[in-house]
Amino acid sequence: MSILFTHSYFLRFDPKQWEAGQPYAPLGTLYAAALMRNNSHDVELFDTMFVHNPADVIAKIETFKPDLFVIYDDGFNYLTKMCLTNMRDAAFKMIKIAKEKGCTTIVSSSDATDHYEQYLNEGTDFVLLGEAEMTLSELAETIEKKGTGFTEIHGLAFKDKGNIIKTQRRSVMHDLDNLPMPAWDLADMEVYRDYWLRSTGYFSINIGTTRGCPFKCNWCAKPIYGNRYNSRSPMNVVNELKFLKEKYHFDHVWFCDDIFGLKPGWINEFAKLVKEDHLNFRYKIQSRADLLLQENNIKALAQSGCENVWIGAESGSQKILDAMDKGITTGQVKEATKLLKRNGIRPSFFIQFGYLGETKEDIRKTITMINNLLPYSIGISVSYPLPGTLFYEKVKADLDKKTNWTDSDELKLMFKNTYQPAFYKQLHRYVQKNHRMHLAIDLVKKSLSYPFKLSPYTIKKLASLFYYIPAVFFAKLKLSSLEKTV
């Protein structure tokens, strides 16, 4: 059968990310395409990453004439997990276009798993629920044989005589080494390279080494891989790195796992293999403060090229961390941050404001933590209710019609809390500026010890204080005014 794969993330529809210019190929889509190609299907990709309009898919459909049109979102990318309405609307438009062209339409995404009724009512023929490669393989085989036993396929939703049928949940895969390498050749990697070089001066690619997360933060949804944690072997990952290094000459890797190297001994074995194969690259990961403190993990990360670790610090208030069921302490965040810096790795923090019960004092503790620990970078969000989470159940009565952001920069608090939504939007601006100001002050303090060795970069940072000091002052004034408005 001929299968046209696509995904629903349009970089142009997400202004913040479009301006950043740091796109990653749709890894989950490429995995599914590789598996179907191995199953002897004729496979092509319509990559929406740089496309202007969903209607641009028409030319590809008319040229390729696929039997199946598969919207298969990248479940490794947090931007697709957020289920932005710009992307949902684009998916609906592509479904209608493909149906008009006579294709059988199939959708796999976090949003479609949570809202399969909406997608079926918009005209798609099948929704793949959860981890979807095996479901897609069985479904394509059944369609090709003109079978009707769709109810026997686990992890599927479809309509039968107007009624929505949802089959038994599919178990996740355990041996990830059995999956074929993603179909990297289907993506135009030179376009990705060009965007990265223009925005950063280096080329970064994305690789997944695991699927799932066993921890149970009560605001985090896992509609695709669930709470199970399965890992590729270090050798399997290194073999892919060697292939990609030779073919695409990347400089940097984002290991896009929810948690990198959770399996005991994995990080140390990975570092050993990277050294043996003389691989030279830089990379960033996501991890937990408590895990970083185990097994000399930080030293092994540094030895293998890790330059940046994103930690889910979330809050400087232990009360809020406990309410989130985060399972870490502020002390562990502090210790992990110091150890990372000591080993030449940049610690970065994910920060979340607006969680239920958060007070002005909790916010103050978070800002103090950032100012004292001085992470390299911070990613700030407000609490976002995702279906299937305990947090969502607690706030769903307060949700109006709006339950998703339009794009990743909207940052709208969608439920009633201590302050109005505008306060949290301004809090984001204030904390970012305040963080940059403190980083500049710290750099200047260190540099003044060696005044005759000031670099152009340090001089630039020193000059930036003339902007940030008044900018932080006025941002704080505006925040204070919004604090008083309920």
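In case you missed it, the structure is sitting above this.
Cut-offs applied
- Residues numbered from 1 in each chain as written.
- Predicted model: local features only at pLDDT ≥ 70, side-chain atom pairs only at ≥ 80, totals over all residues.
- Heavy atoms only, no water.
- Helix = DSSP H or I, 4+ residues; strand = E, 2+ residues; numbered from the N terminus.
- Rg over C-alpha atoms; globule rule 2.2 N^0.38 Å.
- Buried < 20%, exposed > 50% of the residue type's maximum accessible area, 1.4 Å probe, protein only.
- Contact = heavy atoms within 4.5 Å.
- Areas by Shrake-Rupley, 256 points an atom, 1.4 Å probe, with all protein chains shown as cover.
- Lys, Arg positive; Asp, Glu negative; His and termini not counted.
- Charge placed at Lys NZ, Arg CZ, Asp CG, Glu CD.
- Expected span 1.5 Å × (residues − 1).
- Phe/Tyr/Trp six-rings, centres within 6.5 Å; stacked < 30°, edge-to-face > 60°.
- Lys NZ or Arg CZ within 6 Å of the ring centre and 35° of its normal.
- Core = buried A, V, L, I, M, F, W, Y, C linked by side-chain atoms within 4.5 Å.
- Pairing = 2+ DSSP bridges.
- Right-handed = clockwise from strand over helix to strand, strands pointing away.
- Axes fitted to C-alpha atoms, helices over the stretch in contact; angles between N-to-C directions.
- Patch = residues over 30% accessible without salt bridge, like charges linked within 9 Å, V, L, I, M, F, W, Y side chains within 5 Å.
- Salt bridge = Lys/Arg side-chain N within 4 Å of Asp/Glu carboxyl O.

### Examining the overall build of the protein
Then, in step 1: In terms of regular secondary structure, the protein is built from 19 helices and 15 strands.
Then, in step 2: Compactness check: the protein gives a C-alpha radius of gyration of 23 Å against a globular reference of 23 Å for 486 residues, within 12% of the reference.
Then, in step 3: Seen through its C-alpha atoms, the protein measures out along the principal axes to roughly 75 × 60 × 40 Å.
Then, in step 4: Sorting the 486 residues of the protein into buried and exposed places 55% on the buried side.
Then, in step 5: Counting contacts in the protein only where the partners sit at least 6 residues apart, residues at least 24 apart contribute 74% of the total.
Then, in step 6: With the model as given, the accessible surface of the protein reaches about 21,600 Å², and the carbon-plus-sulfur share is 52%.
Then, in step 7: Within the protein, one finds 63 positive and 56 negative side-chain charges whose respective centroids are separated by 8 Å.

### What about helix H8 (residues 133-144)?
Then, in step 1: For H8, spanning twelve residues, the distance from its first C-alpha to its last is 16 Å, which sits close to the expected 16 Å at 1.5 Å a residue.
Then, in step 2: Among all positions of H8, only Glu133, Thr135, Leu136, Ser137, Leu139, Ala140, Thr142 and Ile143 are buried.
Then, in step 3: Once H8 finishes, Lys146 follows within two positions and takes phi at roughly 60°, a positive value.

### Here we look at the packing of aromatic side chains
In this description, an aromatic ring pair is defined by two values, namely the gap between the centres and the angle between the planes.
Then, in step 1: A full pass over the atoms with the stated rule returns 32 aromatic pairs.
Then, in step 2: Ring centres 4.9 Å apart and planes at 70° place the aromatic pair Tyr467 and Tyr468 in the edge-to-face group.
Then, in step 3: Put simply, the rings of Phe250, Phe255, Phe260, Trp266, Phe270, Phe281 and Tyr283 pair up and form one aromatic cluster.
Then, in step 4: Above the plane of the ring of Tyr195 lies Arg198, whose end atom (NZ or CZ) is 4.8 Å from the centre.
Then, in step 5: In this structure, Arg211 packs its charged tip against the face of Tyr31, placed 5.3 Å from the ring centre.

### Notes on the nonpolar core
Then, in step 1: If you look at the biggest cluster of nonpolar residues, it comprises 157 residues, and the most contacted ones within it are Phe5, Leu241, Phe255, Phe270, Phe281, Tyr283 and Leu301.
Then, in step 2: Once you skip the residues sitting within four places of it in the chain, Phe281 turns out to touch Leu241, Lys245, Phe250, Asp251, Val253, Phe255, Phe270, Val274, Ser304 and Gly305.

### Considerations on the pairing of strand E12 (residues 282-287)
Then, in step 1: Where strand E11 (residues 252-255) and E12 come together, three bridges link them in parallel fashion. Looking across to E12, one finds that Trp254 is bridged to Lys284.
Then, in step 2: In this fold, E11 hands off to helix H11 (residues 266-276), which returns the chain to E12; that crossover is right-handed.
Then, in step 3: Across five bridges, the pairing between E12 and strand E13 (residues 306-314) is parallel. In the sheet register, Ser287 faces E13, and the bridge partner there is Ile311.

### Points about the side chain of Asn218
Then, in step 1: Structurally, the position occupied by Asn218 is in the loop between strand E9 (210-211) and strand E10 (230-231).
Then, in step 2: For Asn218, a relative accessible area of 6% translates into the label buried.
Then, in step 3: Leaving out residues up to four positions away in the same chain, Asn218 has contacts with Ala323, Met324, Asp325, Tyr355, Thr389, Leu390 and Phe391.

### A short note on the environment of Val107
Then, in step 1: With respect to the helices and strands, Val107 occurs in strand E4 (residues 104-108).
Then, in step 2: In this structure, the C-alpha to C-alpha distance between Val107 and Asp73, residues 34 residues apart in sequence, is 8.1 Å.
Then, in step 3: For Val107, the residues in contact, after removing those within four places along its chain, are Ile71, Ile95, Ala112, Tyr119, Thr124, Phe126, Val127 and Leu128.

### Brief notes about the environment of Phe150
Then, in step 1: As for its position among the elements, Phe150 is in the loop between H8 and strand E6 (156-160).
Then, in step 2: On the accessibility criterion, Phe150 (15% relative accessible area) is buried.
Then, in step 3: The spacing of Phe150 and Phe126 is 24 residues in sequence and 9.7 Å in space, taken between C-alpha atoms.
Then, in step 4: When residues no more than four places from it in sequence are discounted, the contact partners of Phe150 are Phe126, Leu139, Thr142, Ile143, Leu156, Phe158 and Thr167.

### Observations concerning the sheet that holds strand E1 (residues 2-6)
Then, in step 1: Across the sheet, seven strands lie side by side as E2-E1-E3-E4-E5-E6-E7; this open sheet has mixed pairing. Unpaired on one side and paired on the other, strand E2 (42-46) and strand E7 (163-166) mark the two borders of the sheet. Sheet twist, expressed as the mean angle between neighbouring strand axes with direction ignored, is 20°.
Then, in step 2: Looking at chain direction, E1 and strand E3 (residues 68-72) are connected through four bridges and run parallel. When the sheet's bridge partners are listed, Leu4 is paired in E3 with Phe69.
Then, in step 3: Running at roughly 165° to E2, helix H3 (residues 57-64) makes contact with E1, E2 and E3 of the sheet.

### Some words on a positive patch on the surface
Then, in step 1: Among the surface-exposed residues, Lys299, Lys334, Lys338 and Arg342 lie close enough to one another that they form a single positively charged patch.
Then, in step 2: Take the positive patch: its biggest share by element is three residues, from helix H15 (residues 330-342).
Then, in step 3: The residue Lys334 is located in helix H15 in this model.
Then, in step 4: Its relative accessible area of 42% is what places Lys334 among the partly exposed residues.

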